[in-house]
Amino acid sequence: MDSNPLERLDAADFLHIWQHFDADGNGYIEGKELENFFRHLLKALDRGSIITEEKVQRVKEQYMSAYDMTADGRLQIQELANMILPEDENFLLLFRRETPLDNSVEFMRIWRQYDADSSGFISAGELRNFLQDLFQQHGKIISKAKLQEYTDTMMKIFDKNKDGQLDLNDLARILALQENFLLQFKMDACSAEERKRDFEKIFAHYDVSKTGALEGPEVDGFVKDMMELVKPSISGTDLDKLRQILLRHCDANKDGKIQKSELALCLGIKMTP
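Since the structure is predicted, the reported quantities are computational estimates derived from the model, not experimental observations.

Conventions and cut-offs
Residues numbered from 1 in each chain as written. Predicted model: local features only at pLDDT ≥ 70, side-chain atom pairs only at ≥ 80, totals over all residues. Heavy atoms only, no water. Helix = DSSP H or I, 4+ residues; strand = E, 2+ residues; numbered from the N terminus. Buried < 20%, exposed > 50% of the residue type's maximum accessible area, 1.4 Å probe, protein only. Contact = heavy atoms within 4.5 Å. Lys, Arg positive; Asp, Glu negative; His and termini not counted. Charge placed at Lys NZ, Arg CZ, Asp CG, Glu CD. Disulfide = S-S within 2.5 Å. pLDDT = per-residue confidence, 0-100. Phe/Tyr/Trp six-rings, centres within 6.5 Å; stacked < 30°, edge-to-face > 60°. Lys NZ or Arg CZ within 6 Å of the ring centre and 35° of its normal. Salt bridge = Lys/Arg side-chain N within 4 Å of Asp/Glu carboxyl O. 1 Å grid on protein atoms, 1.4 Å probe; cavity = no way out; pocket = protein on both sides within 12 Å on 5 of 7 lines; lining within 4 Å. Points joined across faces, edges and corners; volume = space filled by probe spheres on them. Nonpolar A, V, L, I, M, F, W, Y, C, P; charged D, E, K, R; others polar. Core = buried A, V, L, I, M, F, W, Y, C linked by side-chain atoms within 4.5 Å. UniProt positions renumbered as here; feature names shortened; annotations may be inferred. Axes fitted to C-alpha atoms, helices over the stretch in contact; angles between N-to-C directions. Parallel < 35°, antiparallel > 145°, perpendicular 65-115°, else oblique.

**Student:** Account for the overall build of the protein, with residues named and values stated.
**Tutor:** From N to C terminus, the protein includes 12 helices and 6 strands. Oriented by its inertia axes, the alpha-carbon framework of the protein measures out at about 75 × 45 × 30 Å. Residues classed as buried in the protein amount to 43% of the 273 residues present. Pairs at least 24 residues apart make up 58% of the contacts formed inside the protein by residues separated by at least 6 positions. Of the side-chain charges in the protein, 36 are positive and 49 negative, and the distance between the mean point of each set is 2 Å.

**Student:** Which residues make up the state of the cysteines, and what values do they have?
**Tutor:** The full count for this structure, using the stated rule, is 1 disulfide. Between the sulfur of Cys 250 and that of Cys 266 lies a disulfide, 2.1 Å long from S to S. In this structure, the disulfide formed by Cys 250 and Cys 266 twists by about -135° around the S-S bond and is classed as left-handed. Note that Cys 250 is positioned in helix H11 (residues 236-250) and Cys 266 in helix H12 (residues 260-267), a separation of 16 residues in sequence. On the accessibility criterion, Cys 250 (4% relative accessible area) is buried. For Cys 266, a relative accessible area of 35% translates into the label partly exposed.

**Student:** Quick rundown of the confidence of the model for the protein? Include the residues and the values.
**Tutor:** Averaged over all residues, the pLDDT of the protein equals 84, while 91% of them reach at least 70. Across residues 1-5 the pLDDT falls below 50, and counting only partners more than four positions away or on other chains, this stretch makes 8 contacts in the model.

**Student:** Account for the packing of aromatic side chains, with residues named and values stated.
**Tutor:** A complete count under the given rule lists 9 aromatic pairs for this structure. Ring-pair connections join several aromatic residues into one group, and the members of that group are Phe 21, Phe 37, Phe 38, Tyr 63 and Tyr 67. The residue whose ring lies beneath Arg 74 is Tyr 28, and the NZ or CZ to ring-centre distance is 3.5 Å.

**Student:** Outline the pattern of salt bridges, supporting the account with residue identities and numerical values.
**Tutor:** Throughout the structure, instances matching the rule amount to 14 salt bridges. With a shortest N-O distance of 2.6 Å, Glu 53 and Arg 39 are connected by a salt bridge. Taken as a pair, Glu 53 in helix H3 (residues 53-67) and Arg 39 in helix H2 (residues 32-45) lie far apart in primary sequence, 14 residues in all. One salt bridge in this structure joins Glu 228 and Lys 224, with 3.0 Å as the shortest N-O distance. Within this pair, Glu 228 and its partner Lys 224 are both found in helix H10 (residues 217-228), separated by 4 residues, close to a single helical turn.

**Student:** Tell me about the environment of Ile 234, residues and numbers included.
**Tutor:** In this fold, Ile 234 is placed in the loop between H10 and H11. Take Ile 234: its relative accessible area is 2%, and that puts it in the buried class. Considering only alpha carbons, one finds Ile 234 and Asp 167, 67 residues apart in sequence, at a separation of 8.5 Å. Aside from chain neighbours lying at most four places away, what touches Ile 234 is Leu 168, Asn 169, Lys 224, Met 227, Glu 228 and Leu 239.

**Student:** Before we move on, could you go through empty space enclosed by the protein and cite the residues and values that matter?
**Tutor:** For the structure on display, the rule yields 2 cavities of 30 Å³ or more. For the largest cavity, the calculated volume is near 40 Å³. Surrounding the largest cavity, 10 residues form its lining, Asp 102, Ser 104, Gln 178, Glu 179 and Phe 181 being those nearest its centre. Across the lining of the largest cavity, the residue classes tally to 3 nonpolar, 4 polar and 3 charged. A volume near 30 Å³ is recorded for the second largest cavity.

**Student:** Lay out the nonpolar core with the relevant residues and their values.
**Tutor:** Counting residues in each nonpolar core, the largest one holds 73 residues, and the members touching the most others are Phe 37, Phe 38 and Leu 80. Those residues in contact with Phe 38 that lie beyond four places of it in its chain are Val 56, Val 59, Lys 60, Tyr 63, Met 64 and Met 83.

**Student:** So what's going on with helix H4 (residues 77-84)? Residues and values would help.
**Tutor:** Most of H4 is tucked away: 8 of the 8 residues are buried. For H4, the complete set of buried residues consists of Ile 77, Gln 78, Glu 79, Leu 80, Ala 81, Asn 82, Met 83 and Ile 84.

**Student:** So, the UniProt feature "domain: EF-hand" (unreviewed entry) in the protein: which residues are in play, and what are the values?
**Tutor:** When the UniProt feature table is mapped onto this chain numbering, "domain: EF-hand" (unreviewed entry) sits at residues 9-44, 102-137, 146-181, 194-229 and 237-273. The distance from the first to the last C-alpha atom of residues 9-44 is 12 Å, and the span holds 67% helix and 6% strand.

**Student:** For the packing of H2 against H4, give the residues involved together with the corresponding values.
**Tutor:** Orientation of H2 relative to H4, taken along the N-to-C sense of each, is 10°, at an axis distance of 14 Å. Of the possible angle classes, the one that applies to H2 and H4 is roughly parallel. Between H2, through Phe 37, Phe 38 and Leu 41, and H4, the contact on the second element is made entirely by Leu 80, Met 83 and Ile 84. Class assignment for the residues of the contact of H2 with H4 results in 6 nonpolar, no polar and no charged.

Here it is as structure tokens:
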């Protein structure tokens, strides 16, 4: 058998493989796409041999048990990168965490930091700055040429509408943001006591600073999750407009923050004095 041809992959090769096998562009390799990928992988790893369905299934089970970290029977882009990219080329390792990003507040803090011109989008230049900072945080030295290559590759992978910039949903996919925290609550179908209890949990989740008021990215995170309950895909400009509406209606003392009592009043939650 030849030496493993996958060891020579770079970011551009990875992009080609991802786009080829994620045929429907939904961000996963699954179903028939997965079968086709492992058949291709087996041919690359064991050239000249007869490829049987039994071999394909065996290789699929072997790799999926090792790399399908979410155990959902499909490959996310980070999982595929971990499988086929050499470590020194695996720029997606920068985004791998022990657990996915589980709070929209932290996500919005990152968004605000790198949407430097407050356009409501992350441009290629802003994405490059984001990647450069991540490499530095991981103690990795990278050339300008490689940084540009990785930036271009990520724009091609995650810029779904091909407008040359990333929106909120694109960045959420990159950072593996967990499911909307508010989906677990049904505030309109509960008793007053249950609604109050749920409100306490919700406020505590977004009040990351534990000051008793939502401010900055805490407001952003709450607005993002609230609006995505009714509109699954919102833009950065949508979020800015909705943030201003929320502040106008809830920020009674006009201090730029939303106090716990102010949010309760806005949501019709009766708090015990």
